[in-house]
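Descriptive analysis of the structure
The primary structure of each chain is shown beneath.
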Amino acid sequence: MTDIELKKLKDDLWHSADMLRASAHLAANKYGQPILGLIFLRYADILYKQHKDEIEKEYNSLKGSRMERSIKDIAIEKCGFYLPEVAYYDFLNNAPDDANKAKLVKNAMKAIEENNNKMEGVLPKEVYGQLVPEEEPELLSNIIRIFMDIPENISVDLFGEIYEFFLGKFALAEGKDGGTFYTPASVVQYMVEVLNPEAGDKKFLDPACGSGGMFVQAARYMHRHNAKENEMMKFRCYGVEKEPDTVKLAKMNLLLNNVRGDITEANSFYSDPYNAYGNFDYVMANPPFNVDEVVYEKVKDDKRFNTYGIPKNKTNSGKKKSDKKETVPNANYLWISYFATALNETGKAALVMANSASDANKSELEIRKKMIDEGIVSQMVTLPSNMFTSVTLPATLWFFDKNKPNTNKKNEVLFIDARNVFTQIDRAHRKFSEEQIKNLSIITKIYNGDVDSYNKLIDEYNDNYNKSKDNKKDYWKSQIEWLSERFPDGKYQDVIGLCKVVRIDEEEGISEQDYSLNPGRYVGVVIEDDGLTDEEFKSDLKDIKKAYKKLSDESNQASDELDKIFNELIGE
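This is a predicted model, so every value here is computed, not measured.

Brief notes about the side chain of Arg-430
- Positionally, Arg-430 belongs in strand S10 (residues 429-431).
- With a relative accessible area of 19%, Arg-430 lands in the buried category.
- Of the polar contacts made by the side chain of Arg-430, one reaches the side chain of Ser-385; its length is 3.2 Å.

Concerning the sheet that holds strand S3 (residues 261-265)
- The mixed open sheet is built from 9 strands, whose spatial order is S3-S2-S1-S4-S5-S7-S6-S8-S11. The open sheet has two edge strands with one neighbour each: S3 and strand S11 (499-503). The sheet shows a mean angle of 15 degrees between the axes of neighbouring strands, direction not considered.
- Relative to strand S4 (residues 280-285), strand S1 (residues 203-206) runs parallel, the two being bridged by 2 bridges. Bridge pairing links Leu-205 to Val-283 in S4.
- Contacts from helix H9 (residues 213-224) reach S1, strand S2 (236-241), S3 and S4, with the element oriented near 145 degrees to S1.
- Sheet strands touched by helix H14 (residues 332-341): S1, S4, strand S5 (343-354) and strand S7 (395-401). Its angle to S5, the strand with the most contacts, is close to 155 degrees.

Some words on unusual backbone geometry
- The residue Asn-226 is not glycine, and still its phi comes out positive at about 65 degrees.
- Examined against the element boundaries, Asn-226 turns out to sit in the loop between H9 and helix H10 (229-234).
- Even without being glycine, Asn-258 reaches a positive phi, approximately 55 degrees.

Describing the pattern of salt bridges
- Enumeration over the complete set of coordinates arrives at 34 salt bridges.
- In this structure, Arg-42 engages Glu-152 in a salt bridge whose closest nitrogen and oxygen atoms are separated by 3.7 Å. Placement of Arg-42 in helix H2 (residues 32-62) and of Glu-152 in the loop between helix H6 (139-146) and helix H7 (156-174) is noted, with a sequence separation of 110 residues between them.
- By relative accessible area, which is 39% here, Glu-152 ends up partly exposed.
- Of the charged contacts, one joins Lys-500 and Asp-494 as a salt bridge, the two residues approaching to 3.7 Å between their closest N and O atoms.
- Overall, Lys-500 belongs to the partly exposed group, its relative accessible area being 29%.
- By relative accessible area, which is 39% here, Asp-494 ends up partly exposed.

Structural notes on the packing of aromatic side chains
- A complete count under the given rule lists 26 aromatic pairs for this structure.
- With a centroid separation of 6.0 Å and an interplanar angle of 85 degrees, the aromatic rings of Phe-204 and Phe-235 are classed as edge-to-face. With a gap of 31 residues between them, Phe-204 in strand S1 and Phe-235 in the loop between H10 and S2 connect regions that are remote in the sequence. Each member of the pair Phe-204 and Phe-235 is classed as buried.
- With 5.8 Å between their ring centres and 70 degrees between their planes, Tyr-238 and Phe-280 make a pair best called edge-to-face. With a gap of 42 residues between them, Tyr-238 in strand S2 and Phe-280 in strand S4 connect regions that are remote in the sequence.
- A residue is classified by how much of its surface remains accessible, and Tyr-238, at 16% relative accessible area, is buried.
- Pairwise contacts between aromatic rings join Phe-269, Phe-305, Trp-335, Tyr-338 and Phe-339 into one cluster.
- The aromatic ring of Phe-280 is capped on one face by Lys-203, whose charged end is 5.1 Å from the ring centroid.

Thoughts on the nonpolar core
- Counting residues in hydrophobic clusters, the biggest one holds 66 residues, and the most contacted among them are Ile-39, Phe-40, Phe-147 and Phe-166.
- Broken down by secondary-structure element, the contributors of at least two residues to this core are helix H1 (3-23), H2, helix H3 (71-79), helix H4 (89-94), helix H5 (100-115), H6, H7 and helix H11 (244-256).
- The element contributing the most residues to this core is H2, with 12 residues.
- Once you skip the residues sitting within four places of it in the chain, Phe-40 turns out to touch Ile-112, Met-119, Leu-123, Met-252, Leu-255 and Leu-256.

Regarding the state of the cysteines
- Counting across every chain of the model gives 0 disulfides.
- For Cys-209, which is in no disulfide, the shortest distance to another cysteine sulfur is to Cys-237 and amounts to 10 Å.

A closer look at helix H16 (residues 434-447)
- Taking 1.5 Å of rise per residue, the 14 residues of H16 would be expected to cover 20 Å, and the 20 Å separating its terminal C-alpha atoms lies within 8% of that figure.
- Burial runs high along H16: 12 of the 14 residues are buried.
- Among the residues of H16, Glu-435, Gln-436, Ile-437, Asn-439, Leu-440, Ser-441, Ile-442, Ile-443, Thr-444, Lys-445, Ile-446 and Tyr-447 are the ones counted as buried.
- Phi for Gly-449, located one or two positions after H16, is positive at around 85 degrees.

Regarding H11
- The terminal C-alpha atoms of H11, which comprises 13 residues, lie 19 Å apart, in line with the 18 Å expected from a rise of 1.5 Å per residue.
- Looking at H11, one finds that the buried residues are Thr-246, Val-247, Leu-249, Ala-250, Met-252, Asn-253, Leu-254, Leu-255 and Leu-256.

Quick notes on the rules
Residues numbered from 1 in each chain as written. Predicted model: local features only at pLDDT ≥ 70, side-chain atom pairs only at ≥ 80, totals over all residues. Heavy atoms only, no water. Helix = DSSP H or I, 4+ residues; strand = E, 2+ residues; numbered from the N terminus. Buried < 20%, exposed > 50% of the residue type's maximum accessible area, 1.4 Å probe, protein only. Polar contact = N/O pair within 3.5 Å; in protein donor to acceptor, adjacent residues only side chain to side chain. Pairing = 2+ DSSP bridges. Axes fitted to C-alpha atoms, helices over the stretch in contact; angles between N-to-C directions. Contact = heavy atoms within 4.5 Å. Salt bridge = Lys/Arg side-chain N within 4 Å of Asp/Glu carboxyl O. Phe/Tyr/Trp six-rings, centres within 6.5 Å; stacked < 30°, edge-to-face > 60°. Lys NZ or Arg CZ within 6 Å of the ring centre and 35° of its normal. Core = buried A, V, L, I, M, F, W, Y, C linked by side-chain atoms within 4.5 Å. Disulfide = S-S within 2.5 Å. Expected span 1.5 Å × (residues − 1).

Now the structure itself:
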């Protein structure tokens, strides 16, 4: 399937959500559940069909022998799950277009859960009765029929893309509420490119995992870098999410993308289901910002949080302790500490955080100072505004590397200001294009001495330039120039307005800047040359002055006229 064909398929499938929005008896924030549930049913049906002949062949070959096994056990081994006949998508699609269809869908999902332990409680069984309204009982059938358009030879990777596409669409449609479960794919892709996760016997934590997008993008990254299947089998993902409905989205997302891992419903501030301290190779998350209701007594003795220090209010509340429990003034640094302490001795982390945390003072400053002096902060990136559905203000990406203190980069941090690097989606939302992700992430690679990746990217852009038609050649030329002008020969250098390496102890370095981790303090601003001579500039300035004087005179004249009118009205 080509990229164009896949895009058309996604757009056609999204039409089903529009149908649902217009006719179903569902609250605005509940459209996603039934649609994503049907996508899962279609995925299960197609994947099972792709293995069905192999499953039945082995079952029949062992039948009647001492090695006889149930078809269910063989299916779980070959396919990852067993699909009972009542859950076949054809069976559901061919059933009469009436209210009974909702019961059939519920029974299908119930049968899947009963026959597959890892699916227990995951599928949205109870919502489909609302998709057969009395005035349009065939609505559910029409939506089911749309997903029949997904071809049966589609790959697991493409199916995962469809699911992620719908998650992103629902997040946009739901606005702020959608942002609680979905981090825009382009932001996650950039984070993964910088983190550079490796397959194998590795453990990956997201303590605020939402719908599991961090895990999915990490797995895709490793597939793109030719990770072997036996290595991917060893790579395990562990997520924590406190919203029950979002836990279900995440579990389906992992299954649809063939990602191995566990999702636990819990509050990461008060629960530690995976014994996180020092236990993970990778940590990635986009946690909720500025949480102010975390009870201090419940976290003060937890080494996940207190290793670098717990944020505290400067003075105690005026209320009695019996009236009010003391809370952490802002939980941003609880999250930041959690990511740092969850890493093993060579672990790496990437997290999204509110811009304000980069310069936070008081107790937060002391925590940040300890981390910087320890040498684990590797990189800071300021994002453009409007990249998220849940917040319009720009956020900052923090990157940790526990191995960094063992290198010659211990006493420095790479700062990147990406506020002016974005592609506009619509009036209110932005993203990184594929090329922008590659261009930004190559900065990290060449900073770490990886010239080969730079040369490969230049070769890729040259190849696209040579293959493209005239109207696209300028685009690929601009990508080549963006890289080669800023980083000739693939060697890292500071670029004003984009990136700068700053040492902790140098003049005007991090320690002299109150241990700020705000890239804007260090990277600088590009002052564009307007191309004017001194005489041309003076001439333009005279014209501006003349125009200003004219406007000022007109304003004064209007003011005098108003004074006359008021004086006449009040008899003065």
